[in-house]
Amino acid sequence: MCDTAKILEEYKNAPGFDKAKVADIIDVEVGSLQRILNANDPYDLGVRKLIGFINACGNFTLLDHIEARLGRIAFPVAADKNCKLNLEGMCKFVKEAGHAMNALSDALADGRITKAEAAECRREIMHLVQICMALLVRLDEIEKR
């Protein structure tokens, strides 16, 4: 039995797991979801249902496992909810990009980056990533129309 199948099977025992709700969200019958969550059944979740399943469960264990097997890691990034896909949003993006570039250039000016400079660069880059995520959310909304 593969590790991924074992992890999927654990979801059905998670506190608050509602098979009917999850099945509805990922658009499968409850019986199909039960098969997906049975480590001994070859019926698979499939890539097209993966994101919906993880969102419906609110549990990222499966995603963490997939990333570990691929030698990758993800981290949560909260999109800036006030960022819109308009002139104001684009100005915010440019401003945050400038702040990130300034922090990086200041940190690199003497040829080495201190812990404090690294923390400042991380903070500025994370602000930029949050703006980028907000813009991506807005673009996704447009594509889904």
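So, a few notes on the structure that sits alongside this text.

1. Examining unusual backbone geometry
Stage number 1. At Asp27, a residue that is not glycine, the phi angle is positive and equals roughly 60°.
Stage number 2. Here Asp27 is to be found in the loop between helix H2 (19-25) and helix H3 (30-36).
Stage number 3. Relative accessible area serves as the criterion here: at 62%, Asp27 is assigned to the exposed category.

2. Considering the side chain of Glu96
Stage number 1. Mapped onto the elements of the fold, Glu96 is located in helix H6 (residues 87-108).
Stage number 2. This buried residue, Glu96, is left without a salt bridge; Lys95 holds the nearest opposite charge, at 5.6 Å.
Stage number 3. Apart from residues no more than four positions distant in its own chain, Glu96 is found in contact with Glu124, His127, Leu128 and Ile131.

3. Some thoughts on helix H1 (residues 3-11)
Given 3.6 residues per turn, any residue in an α-helix points the same way as the ones three and four places further on.
Stage number 1. For H1, the complete set of buried residues consists of Ala5, Ile7, Leu8 and Tyr11. The buried residues of H1 occupy an angular sector of 160° when the element is viewed end-on, so they sit on one face.
Stage number 2. Buried residues in H1 make contact with H3, helix H4 (47-57) and helix H5 (61-70).

4. A few points about the packing of H1 against H5
For any two helices packed against each other, one specifies the inter-axial angle together with the distance between the axes.
Stage number 1. Across the interface, H1 lies against H5 with an axial gap of 9 Å and an inter-helix angle of 165°. Classified by the angle between their axes, H1 and H5 sit roughly antiparallel to one another. The handedness of the crossing between H1 and H5 comes out as right-handed. Where H1 abuts H5, its residues Asp3, Thr4, Ile7, Leu8 and Tyr11 lie against Thr61, Leu62, His65 and Arg69.
Stage number 2. Of the residues contributing to the contact of H1 with H5, the split by class is 4 nonpolar, 3 polar and 2 charged.

5. Some points on H4
Stage number 1. All of the buried residues along H4 are Leu50, Phe53, Ile54 and Ala56. The arc that holds the buried residues of H4, viewed along the axis, is 160°, so those residues lie on one side. With respect to the buried face of H4, the exposed residues turned more than 90 degrees away are Arg48, Ile51 and Asn55.
Stage number 2. Where the residues of H4 are buried, they touch H1, H2, H3 and H5.
Stage number 3. Count one or two residues on from H4 and you reach Gly58, which has phi positive near 65°.

6. With respect to the environment of Arg123
Stage number 1. Among the secondary structure elements, Arg123 is positioned in helix H7 (residues 115-144).
Stage number 2. Take Arg123: its relative accessible area is 40%, and that puts it in the partly exposed class.
Stage number 3. Between the C-alpha atoms of Arg123 and Glu67, which are 56 residues apart in sequence, the distance is 24 Å.

7. So, the pattern of salt bridges
Stage number 1. As enumerated under the stated definition, the model contains 6 salt bridges in all.
Stage number 2. Across the pair Glu9 and Lys12 runs a salt bridge, and its minimum N-O distance is 3.7 Å.
Stage number 3. You can call Glu9 partly exposed: its relative accessible area is 24%.
Stage number 4. Among the residues examined, Lys12 registers a relative accessible area of 36% and is labelled partly exposed.

Rules behind the numbers
Residues numbered from 1 in each chain as written. Predicted model: local features only at pLDDT ≥ 70, side-chain atom pairs only at ≥ 80, totals over all residues. Heavy atoms only, no water. Helix = DSSP H or I, 4+ residues; strand = E, 2+ residues; numbered from the N terminus. Buried < 20%, exposed > 50% of the residue type's maximum accessible area, 1.4 Å probe, protein only. Lys, Arg positive; Asp, Glu negative; His and termini not counted. Salt bridge = Lys/Arg side-chain N within 4 Å of Asp/Glu carboxyl O. Contact = heavy atoms within 4.5 Å. Arc of directions from axis to C-beta. Axes fitted to C-alpha atoms, helices over the stretch in contact; angles between N-to-C directions. Parallel < 35°, antiparallel > 145°, perpendicular 65-115°, else oblique. Left-handed = near helix turned anticlockwise from the far one by under 90°. Nonpolar A, V, L, I, M, F, W, Y, C, P; charged D, E, K, R; others polar.

Keep in mind these numbers describe shape, not what the thing actually does.
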